Amino acid sequence: MQHDSPMQPARMPQSVVPYVYTAIAPTHDWLAVWVEAEARAFGLQQLAVQNDEQVLEVAVGTGLSFPALVQANPDGWTEGLDRTPAMLRKAARRMRNASHQQFGLRLGDAYDLPYPNNTFDALLNSYMFDMLPVADFVPVLREFKRVLKPGGRCVCINMTVPTHWSERLWDTIYAIWPPLLGGCRGVAIAPFMKEAGFADVQRTRIVQRTFPSEVVIGHT
């Protein structure tokens, strides 16, 4: 039996996010690779970074996707932003021996991106909106749109709402204690991306080991 489930409310205050992610930074990558790798790979394919672009990854985390962005853009600039120093330190270690060094990693917040308007050609964001209150979706997406150039593209990857009984375990874990999943629950952001002013919004659903993800792309 299949059915759509509504989005649960965000139950982990944003003020505690850096503390939770500092605690889970040492083990974060194991679960991410186990259930998110396919969605992350498809998201990178959809973003289709070209050489000599200005690229931003918001919520870069431990840098699981960041090496691929930098590798695809050796003559451009790739920036990674995160609000948790412990995650950024892991990302920096991952990039220590990168063959291309045209990148930066910095502390910052998705609600107030520290960049001028029309700076980037492409923006990637992974597993962040599933932590945010629904009321914040459009303001944050508008901030993403603000820093993108006209004709730019944005790819957001999230845990999404279950449509099959086998996927409901993850939302159940969240309901019991949100920090077990880093405060993530299933969301569906395509309508909010349209409301924020993105065009040609497309959503793809990917399930890996019963974990449901969405990959949503929009254009400025």
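In this text, all values refer to a predicted model and were calculated from it rather than measured experimentally.

Participant: I'd like to hear about the pattern of salt bridges, residue by residue, with values.
Facilitator: Within this structure, the stated rule accounts for 9 salt bridges. Of the charged contacts in the structure, one is a salt bridge between E143 and R146, with a shortest N-O distance of 2.9 Å. Residue E143 and its partner R146 are both found in helix α5 (residues 137-147); the two are separated by 3 residues, about one turn of the helix. With a shortest N-O distance of 2.5 Å, E167 and R205 are connected by a salt bridge. On the criterion of sequence distance, the pair formed by E167 in the loop between β5 (148-159) and α6 (168-176) and R205 in strand β6 (residues 199-208) is long-range, its members being 38 residues apart. Salt bridges sharing partners connect three or more residues here, namely D29, K90 and R94.

Participant: Would you mind going over a nonpolar patch on the surface in detail, with residue names and values included?
Facilitator: Side chains of I176, W177 and L180 sit close together on the surface and give an oily, nonpolar patch of about 370 Å² of accessible area. Residue position: I176 is located in helix α6. Residue classification places I176 among the exposed positions, given a relative accessible area of 65%.

Participant: Describe α5, with residues and values.
Facilitator: For α5, the full list of buried residues reads F137, V138, V140, L141, E143, F144 and V147. Of the surrounding elements, those touching the buried residues of α5 are β1 (54-58), β4 (120-126), β5 and α7 (190-195).

Participant: Kindly report on the nonpolar core, identifying the contributing residues and their values.
Facilitator: Ranked by size, the top nonpolar core spans 62 residues in total, and within it M128, F129 and F144 carry the most contacts. With near-sequence residues (within four places) excluded, M128 lies in contact with V58, A59, A110, V140, F144, I157 and N158.

Participant: I'd like a description of the side chain of S65, backed by residues and values.
Facilitator: Topologically, S65 is positioned in the loop between β1 and α3 (66-71). What makes S65 buried here is its relative accessible area of 2%. In this structure the side chain of S65 is engaged in a polar contact, spanning 3.5 Å, whose partner is the side chain of R40. Ignoring any residue separated from it by four or fewer positions in sequence, one finds S65 in contact with R40, L44, E57 and L124.

Participant: Describe in detail the pairing of β5, supporting the description with residues and values.
Facilitator: Burial runs high along β5: 9 of the 12 residues are buried. The sheet contact formed by β4 and β5 spans 6 bridges and is parallel. For S126, the partnering residue across the bridge sits in β5 and is I157. Handedness of the crossover joining β4 and β5 through α5 is recorded here as right-handed.

Participant: Run through the sheet that holds strand β2 (residues 77-82), naming residues and quoting values.
Facilitator: Strand order in this open sheet of 7 strands is β3-β2-β1-β4-β5-β7-β6, and the pairing throughout is mixed. Strand pairing shows two members of the sheet lacking a second neighbour, β3 (103-107) and β6, which therefore form its edges. Put simply, the sheet's adjacent strands are angled 15° from each other on average, direction ignored. Set on the sheet, helix α2 (residues 28-47) makes contact with β4, β5, β6 and β7 (211-219); between it and β6 the angle comes to about 155°. Packed onto the sheet, helix α4 (residues 85-94) meets β2 and β3 and runs at close to 165° relative to β3.

Rules used in this analysis
Residues numbered from 1 in each chain as written. Predicted model: local features only at pLDDT ≥ 70, side-chain atom pairs only at ≥ 80, totals over all residues. Heavy atoms only, no water. Salt bridge = Lys/Arg side-chain N within 4 Å of Asp/Glu carboxyl O. Helix = DSSP H or I, 4+ residues; strand = E, 2+ residues; numbered from the N terminus. Patch = residues over 30% accessible without salt bridge, like charges linked within 9 Å, V, L, I, M, F, W, Y side chains within 5 Å. Areas by Shrake-Rupley, 256 points an atom, 1.4 Å probe, with all protein chains shown as cover. Buried < 20%, exposed > 50% of the residue type's maximum accessible area, 1.4 Å probe, protein only. Contact = heavy atoms within 4.5 Å. Core = buried A, V, L, I, M, F, W, Y, C linked by side-chain atoms within 4.5 Å. Polar contact = N/O pair within 3.5 Å; in protein donor to acceptor, adjacent residues only side chain to side chain. Pairing = 2+ DSSP bridges. Right-handed = clockwise from strand over helix to strand, strands pointing away. Axes fitted to C-alpha atoms, helices over the stretch in contact; angles between N-to-C directions.

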